[in-house]
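One-letter residues, chain by chain:
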Amino acid sequence: PDQGPMFPTLALEDKRLPQKEHVWGVNLNNESTAFTRAFVSRHPLYNTQVGGIPIVLRFDPGFDTLGIFYRQGDAEVTEIDFHGNTPEGKLERVPSFNGVFWMVWSHFYPNTNVRT
């Protein structure tokens, strides 16, 4: 069962996900998106945009973590490893928040998009 925080100091009004679900979050150009484990497990290589900036996600189940990288233009990435290496070269990593509790992410980014 989803239990609240040990020290309830946050306003926990966003019920889109369980409070203690871990998410990966990114905030670019004042737009934020949170990605759930279920989403990245189903989409281990995923091209998208956040804040109008093209990015690509690469989930590595062996390391149980997500790498998020800037794409070069609008071209989709079809091959990339967890470190950002592609046949065309290495992509720059996007600053992100890994494995943060949903209750914390949604508190600081209340207008976040959620990919479940």
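Residues numbered from 1 in each chain as written. Predicted model: local features only at pLDDT ≥ 70, side-chain atom pairs only at ≥ 80, totals over all residues. Heavy atoms only, no water.

## Describing the nonpolar core
With 13 residues, the main nonpolar core has V26, V40, I55, L57, L66 and I68 as its most contacted residues. Every element with two or more residues in this core is listed here: β1 (22–28), α1 (37–42), β4 (53–60) and β5 (65–70). V23, A34, V100 and W105 belong to the second-largest nonpolar core, a separate cluster that totals 6 residues. (Core = buried A, V, L, I, M, F, W, Y, C linked by side-chain atoms within 4.5 Å. Buried < 20%, exposed > 50% of the residue type's maximum accessible area, 1.4 Å probe, protein only. Helix = DSSP H or I, 4+ residues; strand = E, 2+ residues; numbered from the N terminus.)

## Side note on the pattern of salt bridges
Going through the model one piece at a time under the given rule, you end up with 2 salt bridges. Here D14 and R16 are joined by a salt bridge, their closest N and O atoms 2.7 Å apart. With a relative accessible area of 19%, D14 lands in the buried category. For D64, the salt bridge goes to R37, with nearest N and O atoms at 2.4 Å. Of this pair, D64 sits in the loop between β4 and β5 while R37 is found in helix α1, placing the two residues 27 residues apart along the sequence. (Salt bridge = Lys/Arg side-chain N within 4 Å of Asp/Glu carboxyl O.)

## With respect to the packing of aromatic side chains
Here a ring pair, both rings aromatic, is described through the centre-centre distance and the interplanar angle of the planes. This structure, assessed with the given rule, holds 7 aromatic pairs. Centre to centre, the rings of W24 and F59 are 5.9 Å apart; their planes meet at 70°, and the pair counts as edge-to-face. With W24 in strand β1 and F59 in strand β4, the pair connects residues that are 35 residues apart, well separated along the chain. Here the two residues W24 and F59 agree in accessibility, since each one is buried. Relative to Y109, the ring of F97 lies with its centre 6.3 Å away and its plane at 50°, an arrangement referred to as tilted. Of this pair, F97 sits in strand β8 (residues 97–101) while Y109 sits in the loop between α2 (102–108) and β9 (113–115), and the two are 12 residues apart along the sequence. A relative accessible area of 40% places F97 in the partly exposed class. Here the aromatic cluster, defined as three or more aromatic residues joined through ring pairs, consists of F35, F39 and Y46. Here R93 stacks its cationic end above the ring of F82, 5.3 Å away from the centre of that ring. (Phe/Tyr/Trp six-rings, centres within 6.5 Å; stacked < 30°, edge-to-face > 60°. Lys NZ or Arg CZ within 6 Å of the ring centre and 35° of its normal.)

## Considering the sheet that holds strand β2 (residues 31–36)
Picture the strands of a sheet paired through backbone hydrogen bonds; they go either parallel or antiparallel. The strand order across the open sheet formed by 4 strands is β8-β1-β2-β9, and the pairing between neighbours is mixed. In the strand order of this sheet, the two ends are held by β8 and β9, each with one partner. Going from strand to strand, the sheet's axes swing by 35° on average, the running direction of each strand aside. Here β2 pairs with β9 via 3 bridges, running parallel. The partner of A34 across the bridge, within β9, is V114. (Pairing = 2+ DSSP bridges. Axes fitted to C-alpha atoms, helices over the stretch in contact; angles between N-to-C directions.)

In short, the description is geometric, and any link to function would need to be established separately.
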